[in-house]
Amino acid sequence: MARKTAGREARQEVSEADDSQMETASPGRPEERDNASAMLRALDLLGEIARSETPLGVPDLCARLALPKPTVHRLCQKLEAESYLLREPDGRRFAVGPRFLRMGFDMLRNTVSAERRGILEELVAVAGETCNFVTRVGSEAIYLDRVEASWPLRLHLEVGSRVPMHCTASGKLFLSAMRPAQRRRILETLHLKAQTPNTLTTVEALDEELQRIAGRGYSTDNQEFLEGLCAIAVPVKDASGATVAAVACHGPLPRFSLEKAVLLVPHLKRAAEKLGRTLPE
C-alpha cells in the first residue's frame, strides 16, 4: 500500500512539473494572440477618433493605422454595435460614441481627485463662492467635481450633473474653444431653449458671444441659466494646449455680481493652470 501511495504521489509531482513547464514554454494559443491583437487595434482606432477634431471615415483610419480596409471596417462595425463609436448622419464617418465618452468621463473624474479637490478648496477660500471642475460630454457640460461655499443660500448641483452648453459659463467656454466650422455645426444641432429672459436663443447671437469669449479668454453667465445667478469660467488646458475642461465659480445676486466675478479671473486662471497639471498626459 505504501509503495502504491508513493507511486501515485511521484506521478502527480511529475504531472504538475510537466504542466508547469508547458505553461512557461507556451507562448499562448493562437486564438488568444488574435484576440489580444484585435483588442489593441480597437484601442488604437478609438484613440485616433478621440484625438481627431472631426469624425473620421474608414479610408482615413486605414491611412492613420496602416491597416487593411476590411479590418478597419470590421472594427468600426463592432465598436459601433457596442456604442463605443457613433456613425455620422452621412453614414461614412465615425465619432466617439456614448459608451466611450462615459469611459473618458469616468477616467477624468477619478484622476488625482484629492489633488484636484484641494485646488478647488483653495479657490473657494479666495472667491467665497462655490467652484466647479467641468468637462464636456457630447452637447452638455458635466460637473466632474465641486466644492461648495459655506453660505446657506447657494445652488446645489451633484457631481455628474449635466447642464446645457448654450446658457452656462462653462458650456459657452467649450463652444468658444472649437474651430468655427465645428462650432457652427454644433450650434445648429443644439436646442437653444430660453431658460431665462437673458438666454441667447439664436445661433447668430450666440456665435457673436462665443467670439467675444474666445477673444478675452473667459466666459460669463449673466443670469442666462438661472435667474438671480451669475457665473464665470476659464479654460483648463492639457499639455497640447487644448481646452479639455473648465474651472468655474458661481453665486447668487446681489452677493455675487458679474463685476465681482470678473475680478476673480486671475485667481481662476491660476487654479486652471494647477488643474491642467493634474491631467493625464
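About the criteria used
Residues numbered from 1 in each chain as written. Predicted model: local features only at pLDDT ≥ 70, side-chain atom pairs only at ≥ 80, totals over all residues. Heavy atoms only, no water. Helix = DSSP H or I, 4+ residues; strand = E, 2+ residues; numbered from the N terminus. Buried < 20%, exposed > 50% of the residue type's maximum accessible area, 1.4 Å probe, protein only. Contact = heavy atoms within 4.5 Å. Areas by Shrake-Rupley, 256 points an atom, 1.4 Å probe, with all protein chains shown as cover. Salt bridge = Lys/Arg side-chain N within 4 Å of Asp/Glu carboxyl O. Patch = residues over 30% accessible without salt bridge, like charges linked within 9 Å, V, L, I, M, F, W, Y side chains within 5 Å. Pairing = 2+ DSSP bridges. Axes fitted to C-alpha atoms, helices over the stretch in contact; angles between N-to-C directions. Left-handed = near helix turned anticlockwise from the far one by under 90°. Nonpolar A, V, L, I, M, F, W, Y, C, P; charged D, E, K, R; others polar. pLDDT = per-residue confidence, 0-100. Expected span 1.5 Å × (residues − 1). 1 Å grid on protein atoms, 1.4 Å probe; cavity = no way out; pocket = protein on both sides within 12 Å on 5 of 7 lines; lining within 4 Å. Points joined across faces, edges and corners; volume = space filled by probe spheres on them. Core = buried A, V, L, I, M, F, W, Y, C linked by side-chain atoms within 4.5 Å.

A.B. asks: How should I be thinking about the overall build of the protein in this particular structure?
C.D. replies: For the protein, the count of helices and strands is eleven helices and nine strands. When each of the 281 residues of the protein is scored for burial, the buried share is 40%. If you take every contact in the protein between residues at least 6 apart in sequence, the share linking residues at least 24 apart comes to 54%. Of the roughly 15,800 Å² of accessible surface on the protein, 54% is carried by carbon and sulfur atoms.

A.B. asks: For this particular structure, what's the right way to read the side chain of glutamine 182?
C.D. replies: Mapped onto the fold, glutamine 182 is located in helix H8 (residues 180-187). Owing to a relative accessible area of 15%, glutamine 182 belongs among the buried residues under this scheme. Non-local contacts of glutamine 182, meaning those with residues more than four positions away in its chain, are made with Glu53 and Arg136.

A.B. asks: For this particular structure, what's the right way to read the pattern of salt bridges?
C.D. replies: As a working rule, side chains carrying opposite charge can pair if their charged atoms are close by. Under the counting rule described, the total for this entry stands at 18 salt bridges. Here glutamate 82 and arginine 99 are joined by a salt bridge, their closest N and O atoms 3.2 Å apart. Of this pair, glutamate 82 sits in the loop between helix H4 (69-81) and strand E2 (85-87) while arginine 99 sits in helix H5 (residues 98-110); the two residues are 17 residues apart in sequence, bridging distant segments of the chain. Exposure remark for glutamate 82: the relative accessible area of 32% places this residue in the partly exposed category. Between arginine 146 and glutamate 148 there is a salt bridge, and its shortest N-O distance comes to 3.2 Å.

A.B. asks: What am I meant to see in a nonpolar patch on the surface here?
C.D. replies: There is a patch of nonpolar side chains on the surface, built from Met39, Leu40 and Leu43 and spanning about 310 Å² of accessible area. Among the structural elements, leucine 40 can be located in helix H2 (residues 30-51).

A.B. asks: How should I be thinking about the sheet that holds strand E3 (residues 93-96) in this particular structure?
C.D. replies: Sheets are built from strands that pair by backbone hydrogen bonding, the pairs being arranged parallel or antiparallel. Strand order in the open sheet made by the three strands is E1-E3-E2, with antiparallel pairing throughout. Since the sheet does not close on itself, it has two edges, and those belong to strand E1 (56-57) and E2, each with one partner. Bridge analysis of E1 against E3 gives two bridges, and the strand direction is antiparallel. Paired with glycine 57 across the bridge in E3 is arginine 93. Where H4 meets the sheet, it contacts E2 and E3, and its direction lies at approximately 100° from that of E2.

A.B. asks: So what exactly am I meant to see when it comes to the packing of H8 against helix H9 (residues 203-216) here?
C.D. replies: Following both chains from N to C, one finds H8 and H9 inclined at 145°, their axes separated by 11 Å at the closest point. When the axes of H8 and H9 are compared, the crossing they make is right-handed. Judged by residue contacts, Arg183, Arg184 and Leu187 of H8 engage Val203, Glu204, Leu206, Asp207, Leu210 and Gln211 from H9. Residue composition of the contact of H8 with H9, grouped by class: four nonpolar, one polar and four charged.

A.B. asks: Looking at this model, I keep getting lost on the confidence of the model for the protein. Mind explaining?
C.D. replies: Close reading of the predicted structure is inappropriate where its pLDDT is low. The pLDDT averaged across the protein works out to 83; a share of 81% of its residues lies at or above 70. The least confident element of the protein, judged by mean pLDDT, is helix H1 (residues 2-25) at 42; the most confident is strand E7 (residues 219-222) at 97. Residue range residues 1-27 is modelled with pLDDT below 50. Its contacts to residues more than four positions away, or to other chains, number one contact.

A.B. asks: Whenever I open this one, H4 confuses me. Can you help?
C.D. replies: Owing to its 3.6 residues per turn, the α-helix brings residues three or four apart onto one side. For H4, built from 13 residues, the straight-helix expectation of 18 Å at 1.5 Å per residue is met to within 8% by its first-to-last C-alpha distance of 18 Å. After H4 finishes, the residue serine 83 shows a positive phi value of roughly 70°.

A.B. asks: Just to check I follow, could you spell out empty space enclosed by the protein for this structure?
C.D. replies: Over the atoms rolls a probe the size of a water molecule, and its path tells where empty space is left. Counted according to the given criterion, the structure contains two cavities of 30 Å³ or more. What the largest cavity holds in volume is close to 120 Å³. What lines the largest cavity is a set of 14 residues, among which Tyr143, Thr168, Ala169, Ala231 and His250 lie closest to the centre. Every element with two or more residues in the lining of the largest cavity is listed here: strand E4 (130-137), helix H7 (169-176), strand E8 (229-237) and strand E9 (243-252).

A.B. asks: Sorry if this is basic, but what is going on with the nonpolar core here?
C.D. replies: Taken as a class, soluble globular proteins show a tendency for nonpolar side chains to be buried jointly. Among the nonpolar cores identified, the biggest contains 26 residues, and Phe133, Val236, Val247, Cys249 and Leu268 are the most heavily contacted of them. At the level of secondary structure, the elements contributing two or more residues to this core comprise helix H6 (113-127), E4, strand E5 (140-147), E8, E9 and helix H11 (265-277). Apart from residues no more than four positions distant in its own chain, cysteine 249 is found in contact with Ala127, Glu129, Thr130, Cys131, Cys230, Ala231, Ile232, Phe256, Leu264 and Leu268.

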